[in-house]
Amino acid sequence: MAICRLKSLLSLSKCSSMRTFSSAQALPCHLQNIGFIGLGNMGSQMANNLIKAGFSLTVHDLNSDVLEMFSRMGIPTKKTPYEVSEASDVVITMLPTSAHVIDVYTGPNGLLHGGKLLRPWLLLDSSTIDPETSRNLSATVSNYILKEKKGDREKPFKLDAPVSGSVTAAEAGTLTFMVGGSEEAFLAAKPILFSMGKSAIYCGAAGSGSAAKICNNLALAVSMLGISEALALGQSLGVSARTLTNIFNCSSARCWSSDAYNPVPGLMEGVPSSRDYIGGFASKLMAKDLNLAVESAKLAGCKFPLTSQAQKIYTELCGDGHEAKDFSCVFRHYYSGMDEPHDE
């Protein structure tokens with residue numbers, strides 16, 4: 001197969017309708033084979049959407065049951081990240097922590113195991129990790145050389161591309177990607193990103209995507225705490241959470257935590273609070289992201305009183321045994337907010 005030039009895709013990737021990219025269309029040769037590592041609640045849905053879009057996938061995860069599930073779908077599975085790398089033009093990682101990402105990249109049989117030569121032209125990490133780790137890995141990847149030259153490119157790209165959106169959004173393909181790294185690589189990777197999401201925003205140099213995700217989740221945590229605190233206070237003062245929510249959602253307090261992800265059981269269908277806070281975004285993951293925000297604020301020399309308080313609350317929530325519950329459970333398990341009956 002003739003080697004394509006990366007630049008040939010730049011004009012194609014500017015199209016905003018890449019969500020229509022499907023198996024009925026001829027895939028550019030440098031996008032044909034994608035490796036996916038990390039098939040958890042989010043990653044498995046993202047991988048499924050890539051399959052639906054016509055990409056050829058090879059996958060790896062430590063969970064043998066998940067691998068068996070993909071194998072039954074006819075998807076090749078590999079025992080190590082390095083084996084995935086050797087079979088792929090692009091490798092996507094979706095992992096829990098910075099330590100997991102470092103291990104998958106640089107550990108024994110990691111993606112970078114094969115000396116200074118690398119087959120994939122793009123390594124795309126969608127994990128939520130600290131910006132410093134993202135920058136360091138990008139610098140490390142820049143020292144590698146492609147096994148096969150891609151057009152006039154001899155070196156691989158690394159992008160940090162964490163996502164905003166729930167498991168439901170991952171399943172629906174409506175995630176938002178926040179991307180840091182080479183803008184050329186970002187443009188070329190758009191067919192992949194828009195097969196898994198509805199938005200992809202270029203944030204700047206390596207580490208910028210990770211930084212944007214930390215800031216996004218900090219704002220989300222603080223807004224959820226503010227809404228939960230206000231609703232619990234209202235209940236204590238004799239105003240129902242339903243009434244307050246109606247007020248918030250047509251006034252200045254309106255936000256995602258009130259009108260799309262309300263934390264009060266009984267007020268809204270289809271959100272974690274309607275199913276005993278099962279599913280959604282685990283409190284332990286919010287605590288992890290707030291830890292990243294605190295460390296980043298310290299390194300940047302910024303004030304972080306709200307970040308610090310939010311970190312303490314979610315750490316306490318996890319310590320009380322609610323780490324697996326959705327982060328909106330703070331309404332019930334920290335503020336002692338009360339359920340409210342469904343509308344008749």
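Residues numbered from 1 in each chain as written. Predicted model: local features only at pLDDT ≥ 70, side-chain atom pairs only at ≥ 80, totals over all residues. Heavy atoms only, no water.

The protein has the name 3-hydroxyisobutyrate dehydrogenase in an unreviewed UniProt entry, where Sphenostylis stenocarpa is given as its organism. Here the protein is described in UniProt, under the heading Pathway (unreviewed entry), as follows: "Amino-acid degradation; L-valine degradation." (UniProt positions renumbered as here; feature names shortened; annotations may be inferred.)

**Thoughts on the nonpolar core**
If you look at the biggest cluster of nonpolar residues, it comprises 42 residues, and the most contacted ones within it are F36 and F177. Listed in part, the 27 residues of the second largest apolar core include L225, I227, L231 and L317. (Core = buried A, V, L, I, M, F, W, Y, C linked by side-chain atoms within 4.5 Å. Buried < 20%, exposed > 50% of the residue type's maximum accessible area, 1.4 Å probe, protein only.)

**A look at the UniProt feature "active site" (unreviewed entry) in the protein**
In this structure's numbering, the residues bearing the UniProt feature "active site" (unreviewed entry) are K213. In this fold, K213 is placed in helix α10 (residues 208–236). If we skip the residues at most four places from it in the chain, K213 touches T128, P162, V163 and M178. Within polar-contact distance, the side chain of K213 engages the backbone oxygen of V163 at 2.9 Å. (Helix = DSSP H or I, 4+ residues; strand = E, 2+ residues; numbered from the N terminus. Contact = heavy atoms within 4.5 Å. Polar contact = N/O pair within 3.5 Å; in protein donor to acceptor, adjacent residues only side chain to side chain.)

**Some thoughts on the side chain of S328**
Mapped onto the fold, S328 is located in the loop between α14 (305–322) and α15 (330–333). A polar atom in the side chain of S328 sits 2.5 Å from the side chain of D326. In this structure S328 touches M224, Y261, P263, P272, S273 and Y277, once residues within four positions along its chain are discounted.

**With respect to the pairing of strand β3 (residues 90–93)**
The alternating pattern of β3 places V90 and I92 and V91 and T93 on opposite faces, both of which are buried. Pairing of strand β1 (residues 33–37) with β3, which is carried by 4 bridges, proceeds in the parallel orientation. Note that in β3 the partner of G35 across the bridge is V91. Relative to strand β5 (residues 122–125), β3 is paired through 4 bridges, and the arrangement is parallel. Across the sheet, I92 pairs through a bridge with L124, a residue of β5. (Pairing = 2+ DSSP bridges.)

**What to know about unusual backbone geometry**
In the Ramachandran plot, D276 falls in the positive-phi region, its phi being about 60° despite a non-glycine side chain. By the element assignment, D276 lies in the loop between α12 (256–259) and α13 (283–300). Unlike most non-glycine residues, S336 shows phi in positive territory, near 55°. Here S336 shows up in the segment after α15.

**As for the packing of aromatic side chains**
In the structure shown here, the tally under the stated rule is 7 aromatic pairs. A ring pair is formed by Y261 and F327, whose centres lie 5.8 Å apart and whose planes are at 25°; its orientation type is stacked. Within this pair, whereas Y261 is found in the loop between α12 and α13, its partner F327 is found in the loop between α14 and α15, the two being separated by 66 residues in sequence. Each member of the pair, Y261 as well as F327, is classed as buried. Take F327: its relative accessible area is 1%, and that puts it in the buried class. Of the aromatic side chains, those joined through ring pairs into one cluster are W256, Y261, F281, Y314 and F327. (Phe/Tyr/Trp six-rings, centres within 6.5 Å; stacked < 30°, edge-to-face > 60°.)

**Comments concerning the pairing of β5**
Side chains of β5 alternate between two faces, with L122 and L124 and L123 and D125 buried alike. Direction of pairing for β5 relative to strand β7 (residues 157–160): parallel, over a ladder of 4 bridges. Residue L123 lies in a different strand from β7, and its bridge partner there is K158.

**Re the pattern of salt bridges**
Enumeration according to the criterion identifies 10 salt bridges in this entry. Between R135 and E132 there is a salt bridge, and its shortest N-O distance comes to 3.0 Å. In this pair, R135 and E132 are both assigned in helix α6 (residues 131–141), 3 residues apart and thus about one turn of the helix distant. Salt-bridge contacts for D276 lead to R332; the nearest nitrogen and oxygen are separated by 2.7 Å. With D276 in the loop between α12 and α13 and R332 in helix α15, this residue pair connects regions lying 56 residues apart in the sequence. Among the residues examined, R332 registers a relative accessible area of 22% and is labelled partly exposed. Look at the salt bridges and you will find they share partners, linking D276, K325, R332 and D339 into a network. (Salt bridge = Lys/Arg side-chain N within 4 Å of Asp/Glu carboxyl O.)

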